[in-house]
Amino acid sequence: MASPLELGARLLLHDKRRLIAMALGVAVGVVIMFVQVGLLQGILDSQSLEAKLVQGDLMVMNRARIDLHHWDAVKPYELAQVAAVPGVASMIPVYKSPVGFEDPDDKRVRRIILYAFPPDAQPLKIGDPKKVAQALRASNAFLFDERSRPIFGVIKPGMSIAIDKGPLNVSGLAHMGPDIVNDGAIFVSEGAWLSRDPGAYPIMGVVRLAPGASLTAVRAAIEARTPGDVAAFTPAEAARRETSSTLREAPIGLLFGVGAIAGLLIGVINGYQVLYTEVSDHLAQYATMKAMGFADAFLHRIILAQAAVLSAAGFAVGLPLAIVVDVLVALFTRLPVEVHVMTAAGIGLAALLASTLAGRLAMRRVDAADPASLY
Amino acid sequence: VTWNIRLEPSDGAKRGAAEPFTRTRGPTELPKGVVGACLGVAVANLFDQRARLLAAMAGVAVALFMLLLQLSVLQAAREKVTELYDDFDFDIAILPDSYQFLLSYDTINRIALDIARATGDVADTYGLNVQMTHWKQIPSERATYNLLIGLDPPEGFVRDPSIRAAWDTLGVPHTLVADRYSQPSAGPVSPGSTFEINDERLTIRGQFKLGLFFYAEGATLIRNVDFSRLANRDPSLISVGLVKVRPGVSLAQARDDIAKALPSDTLVMTKSELEAQERGYFLSTKPIGVMINISMAIACLVGGAIILQVLSTEVANRTKEYAVLKAMGAGPALIYGVGAGQAAILGLGGLLPALAVGSVVLNLLQRATHLATGLDAAIVLTMAGVTVALAAIATALVVRRIDQTDPASLY
């Protein structure tokens, strides 16, 4: 005797053209969930990019810098105190400042974010370390973030660009990406920046621990040694803090959350429509099985099996579509909009849930099947 | 052309043949007018399977709700990004050439305003200052960002009454007028609260309404004489120069004259050009606008697809019934009308709950963000228009299939 899963699959496979149409119906819900969650995640990921690119164990920042888009700097002597804490192998200062970037074509000045750090230290992961160091060491030079929004014009190595009215040469391209607040980034060496702005304070210090040093001990020592306006976070903590403050400040959670729920509901509704039609078309078969003495529970399992097959098919069709949409959105917005493995797992589960719910609703149609109606 | 066509049996059929048109759940008399007839059949067809009808309407409602939410937020954001400029009455703005949006870090010299006056096209000028500062809430000492807005005397330039009133309040030394819509994280901004800006103790003595949450946690007004001290800015520098044109001079003429008189590192724009640039920056360059547009397109697609799917299932399930109707001599007006009626019922059945739930959610959103997301007539009309368009497209795609049904195929 065939299992319910096999029976369900056979019923669906009977008309392959219709199976594709059905899978597409469920896939619509799956794609909407992917795109909406992807947009939200893209915004959150881009806002916390600075923390995610840090190559170190701790970020030492001013306590008033309650998110990564605040400009509260740390005093250089505080970073010197941090560097002296036992267990700190290196303490790399990172400077950050908005500067005016003059478009070589239309001469309009646009705001861009400048990062500065010692060329060899690589506190941020923005490209091949050797190339970045080499490009930063060139005199009067900066690296341009090639993922910056296109408003800055087409920037190529070798060009001379006025940065805050003073010309600098593009010595290479880096890879970071903009966020909601900022449109692009450039990178210069610490020396070049301090020669322009001798009073500049670092926005953070990136701490790398000595082998064997304990993170908690070093962190406690840093906070004990500095006069109370310095805080140390692991990059992961700083990223999480950024995500929660973004969600608190802007209504994007609601905006895209509702979209994702809409996707889920549409999955349920389309799944129900599809399963209902499927059951209706095979009502005679179900009635026959009932007449043969099959329990309702067995028939229910067939429908749930169909629901599972449908959700799998919908997911299989929806995932590649979602990836295509995400690539296009990422291209337009320059935000890291992509399918995360965890998101995919969650949405797969949501699709299964939606189909099961749809299956449960469609079951009632089978219950109504009457063997006597066959005759 | 009137739609008052009667459903007449074809020549060969006797009138009596049309009457016993019965459906499985009891007889339904066909009403006399075609519109009535179409709606009657449409309702009967749809209500035949109530659970499915409900599911379909719920689907359309969800899609329309999603569209409504995105549409309102986009509309509110469009208004919000120019809100401070809207509080002022001016014709032309003079800006530094690095200007991108309200918070540009560059300034122009007040001399630019005198140069503008010298063109003879100008009735009056106004200096507006904005700068991001820290303000520290006392006694908690919590520091957050504050958008400090420096004002000239308001004569004729300030439209917003609460900002006009602020000018007099600010006559008392060490006084701030704070944005009532400041974020809670800035601390209480009720009159009497104290803050420190640039180590100076200041007391809030009045409030106005702005709510630019995407710039800073709070915003405060101050006279320009005090602005230069609190923001460490040379008193001869301003962020934006506002200009009122003398009556009888055309805007474009005044703009071009002023631009010609000023050095090349200044930008001269009319108010509408400035506001268009402001919106363009936030809604086209920044990704949120793009993302909302994508989500709106998805919502339309989904709403349309659900109506389409229900209609096409309906037609597929009732091929025989349509063929019978045709054999009875029903014209295309009736056949199309039934399809259109079903689409209209589905659309309306989705639109009404979407608007009902939407008005509640948007109201809550408005309270939480101070974005003007409440439902207004324009948005309701837009939503109705979109619904009609989606229903019409779905009908057009499906009814052709009914056209092809052949009475002969029944036998």
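A brief structural summary. (Residues numbered from 1 in each chain as written. Chains lettered and ligands numbered in written order. Predicted model: local features only at pLDDT ≥ 70, side-chain atom pairs only at ≥ 80, totals over all residues. Heavy atoms only, no water.)

**Remarks on the overall build of chain B**
Next up, step 1: In terms of regular secondary structure, chain B is built from 13 helices and 13 strands.
Next up, step 2: Relative to its full complement of 411 residues, chain B shows a buried share of 52%.
Next up, step 3: In chain B, the proportion of contacts linking residues at least 24 apart, taken out of those at least 6 apart, comes to 79%.
Next up, step 4: Carbon and sulfur atoms provide 58% of the accessible area of chain B, an area that totals close to 17,900 Å². (Helix = DSSP H or I, 4+ residues; strand = E, 2+ residues; numbered from the N terminus. Buried < 20%, exposed > 50% of the residue type's maximum accessible area, 1.4 Å probe, protein only. Contact = heavy atoms within 4.5 Å. Areas by Shrake-Rupley, 256 points an atom, 1.4 Å probe, with all protein chains shown as cover.)

**Examining the interface of chain B and chain A**
Next up, step 1: With 45 residues of chain B at the contact, the number on the chain A side is 47 residues.
Next up, step 2: Here chain B packs against chain A, burying approximately 4,000 Å² in sum over the two surfaces, 67% of which is carbon and sulfur.
Next up, step 3: Between chain B and chain A we count 1 salt bridge in total.
Next up, step 4: In this structure, the salt-bridge partner of B:Lys286 is A:Asp183, at a minimum N-O distance of 3.3 Å. (Buried area = accessible area lost by both parts, 1.4 Å probe. Salt bridge = Lys/Arg side-chain N within 4 Å of Asp/Glu carboxyl O.)

**Focus on the environment of A:Ala305**
Residues and elements named next belong to chain A.
Next up, step 1: As for its placement among the helices and strands, alanine 305 is situated in helix α11 (residues 296-333).
Next up, step 2: Here alanine 305 falls in the buried class, since its relative accessible area comes to 8%.
Next up, step 3: The spacing of alanine 305 and serine 3 is 302 residues in sequence and 9.7 Å in space, taken between C-alpha atoms.
Next up, step 4: The residues touching alanine 305, leaving out its near neighbours within four places in the chain, are Pro4 and Leu5.

**Overview of the nonpolar core**
Next up, step 1: Core analysis: the biggest nonpolar cluster contains 111 residues, and B:Phe88, B:Leu147, B:Ile149, B:Leu151, B:Tyr215, B:Leu221 and B:Met383 have the highest contact counts within it.
Next up, step 2: Not counting the four nearest positions on each side in its chain, B:Leu151 is found in contact with B:Phe88, B:Tyr126, B:Gly127, B:Leu128, B:Ile163, B:Trp167, B:Leu221, B:Ile222, B:Arg223 and B:Asn224.
Next up, step 3: Listed in part, the 30 residues of the second largest apolar core include A:Tyr115, A:Phe117, A:Ala135 and A:Leu143. (Core = buried A, V, L, I, M, F, W, Y, C linked by side-chain atoms within 4.5 Å.)

**Considering the pairing of strand β13 (residues 266-270) of chain B**
All names here are of chain B.
Next up, step 1: In terms of residue burial, β13 counts as a mostly covered element, since 5 of its 5 residues are buried.
Next up, step 2: Burial along β13 is two-sided: the residues Thr266, Val268 and Thr270 and Leu267 and Met269 are all buried.
Next up, step 3: Bridging between strand β3 (residues 92-96) and β13 involves 5 bridges; their strand directions are antiparallel. By the bridge assignment for β13, isoleucine 92 is matched with threonine 270. (Pairing = 2+ DSSP bridges.)

**What to know about the packing of helix α2 (residues 16-47) of chain A against helix α8 (residues 235-249) of chain A**
Between two packed helices, both the angle of their axes relative to each other and the distance between the axes serve to describe the pair.
Residues and elements named next belong to chain A.
Next up, step 1: Interhelical geometry of α2 versus α8 gives an angle of 125 degrees and a closest axis separation of 9 Å. In terms of orientation, α2 lies oblique with respect to α8. Between α2 and α8 lies a crossing of right-handed hand. Along its contact with α2, which presents Leu40, Leu44 and Gln47, the element α8 presents Glu242, Thr243, Thr246 and Leu247.
Next up, step 2: Residue composition of the contact of α2 with α8, by class: 3 nonpolar, 3 polar and 1 charged. (Axes fitted to C-alpha atoms, helices over the stretch in contact; angles between N-to-C directions. Parallel < 35°, antiparallel > 145°, perpendicular 65-115°, else oblique. Left-handed = near helix turned anticlockwise from the far one by under 90°. Nonpolar A, V, L, I, M, F, W, Y, C, P; charged D, E, K, R; others polar.)

**Observations regarding the environment of B:Ile163**
Residues and elements named next belong to chain B.
Next up, step 1: Residue placement: isoleucine 163 occurs in helix α6 (residues 161-169).
Next up, step 2: Looking at isoleucine 163, the relative accessible area reads 1%, which means it is buried.
Next up, step 3: Sequence-distant contacts of isoleucine 163, that is, excluding residues within four places in its chain, are made with Asp87, Leu151, Val158, Phe208 and Leu221.

**With respect to helix α1 (residues 4-13) of chain A**
All names here are of chain A.
Next up, step 1: For α1, the full list of buried residues reads Pro4, Gly8, Leu11 and Leu12. For α1, the angular spread of buried residues about the axis comes to 95 degrees, placing them on one side.
Next up, step 2: As for α1, its buried residues are in contact with α2, α9 (252-281), α10 (283-291) and α11. (Arc of directions from axis to C-beta.)

**Overview of the pattern of salt bridges**
A side chain with one charge may pair with a side chain of the opposite charge, provided their charged atoms come close.
Next up, step 1: Taken as a whole, this structure holds 23 salt bridges over all chains when the rule is applied.
Next up, step 2: The partner of A:Asp183 in a salt bridge is A:Arg149, and the shortest N-O contact between them spans 2.7 Å. Placement of the pair is A:Asp183 in the loop between β6 (166-174) and β7 (185-189) and A:Arg149 in the loop between β4 (141-145) and β5 (160-163), with a sequence separation of 34 residues. The exposure classification of A:Asp183 matches that of A:Arg149, with both residues buried.
Next up, step 3: The salt bridge partner of B:Arg229 is B:Asp226, with a shortest N-O separation of 3.1 Å. Within this pair, B:Arg229 and its partner B:Asp226 are both found in helix α7 (residues 224-230), separated by 3 residues, close to a single helical turn.
Next up, step 4: Taking the relative accessible area as the measure of exposure, B:Arg229 reaches 37% and is therefore partly exposed.
Next up, step 5: Beyond isolated ion pairs, a larger network of salt bridges with shared partners links A:Glu50, A:Arg65 and A:Lys96.

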